[in-house]
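Summary of structural features
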Amino acid sequence: MAHEDEQEGLSFLSEKELNDSNLSDVGQYDDGTSIPAQKFGSGTALDELSFVRKSAHPAAVVFHLLFKALALAVYLFAGIFTSNYIFVAVVTILLLAFDFWTVKNVTGRLLVGLRWWNYVKEDGSSEWVFESLEGEALDEINSNDSRVFWVGLYAPVPVWGFLLVVELLKLNLQWLVVVCAALSMNLANIVGYTKCSRDAKQKVAQLFNQGSAGLGVMKAFGKSSAFQSVMSGLMGVAMGAAGGGRQASPSSSARTQEPEDSDIPIQV
């Protein structure tokens, strides 16, 4: 039953993604501790990174950071190899778009169990929709993955903010377009996941408050005079029924003896 509840709480994660986060250990160290299974291969440079080795979803961790780093690298260093502004701007914006989509739709689900989206209604108003893990399913979240996710989400914003100031001081308006695009995409994910995380915390707090309120009502009802009078009445009825049963036992034995007296022959 608990297994079914856990699967239902993780309904927006696929079965393959759930199985990937529960791989078994592959051996033991000399001191007897378990060696965790490596899902990203072995012997590669990425396996030497501690936050990748500790991750439950190494591929998601890598791609969570990869597109951000590539976008910054192209923006900062592509000018060394080419002076074509359009080429550099397009490649940078494409990498930023890949990063936005990956963070919004993949790494948020896998690393922190959150997902958000925003859509516009027919009347022109927008509505936020949030999904998050609940209950025992929260144990599926790896603390290392959560730390990498939030650091990777917030870290690029100060860097792009600094570049925005630099381009403003240089009055380099054409590069401001790229920088503003980078800031808008990063800030959109920050706002979305911050709201989603706050909504998840509120859900947990509501569940806790409901449980505490139910317990308090039970305790108050147990101490109430009405409850005590009802319990006293039930106890009285039970004791009365028991006493009546004991009083009825002699008469029943007398009735059982009557047929013995009637069997005595009467002499005329």
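The model shown is predicted, which means the values in this text are computed figures rather than measured ones. (Residues numbered from 1 in each chain as written. Predicted model: local features only at pLDDT ≥ 70, side-chain atom pairs only at ≥ 80, totals over all residues. Heavy atoms only, no water.)

Regarding the pattern of salt bridges
Evaluation of the coordinates by the stated rule reveals two salt bridges. As a salt-bridge pair, aspartate 99 and lysine 68 come within 2.9 Å of each other at their nearest N and O atoms. Here the residue aspartate 99 occupies a position in helix α5 (residues 85-112), and lysine 68 occupies one in helix α4 (residues 58-77), the gap between them amounting to 31 residues. Accessibility assignment for this pair places aspartate 99 and lysine 68 in one class, buried. For glutamate 131, the salt bridge goes to arginine 115, with nearest N and O atoms at 2.8 Å. Residue glutamate 131 is located in strand β4 (residues 126-132), and its partner arginine 115 is located in strand β3 (residues 114-120); the two are separated by 16 residues in the primary sequence. (Salt bridge = Lys/Arg side-chain N within 4 Å of Asp/Glu carboxyl O. Helix = DSSP H or I, 4+ residues; strand = E, 2+ residues; numbered from the N terminus. Buried < 20%, exposed > 50% of the residue type's maximum accessible area, 1.4 Å probe, protein only.)

A word on the environment of phenylalanine 63
One can find phenylalanine 63 in helix α4. The spacing of phenylalanine 63 and aspartate 99 is 36 residues in sequence and 8.1 Å in space, taken between C-alpha atoms.

Observations regarding the packing of helix α6 (residues 143-154) against helix α7 (residues 156-169)
Two elements in contact, α6 and α7, have axes whose closest approach is 4 Å; the angle formed by their N-to-C orientations is 10°. It follows from the interaxial angle that α6 and α7 lie roughly parallel. Listed contacts from α7 to Gly152, Leu153 and Tyr154 of α6 are Pro156, Val157 and Pro158. Within the contact of α6 with α7, the residues separate by chemical class into five nonpolar, one polar and no charged. (Axes fitted to C-alpha atoms, helices over the stretch in contact; angles between N-to-C directions. Parallel < 35°, antiparallel > 145°, perpendicular 65-115°, else oblique. Contact = heavy atoms within 4.5 Å. Nonpolar A, V, L, I, M, F, W, Y, C, P; charged D, E, K, R; others polar.)

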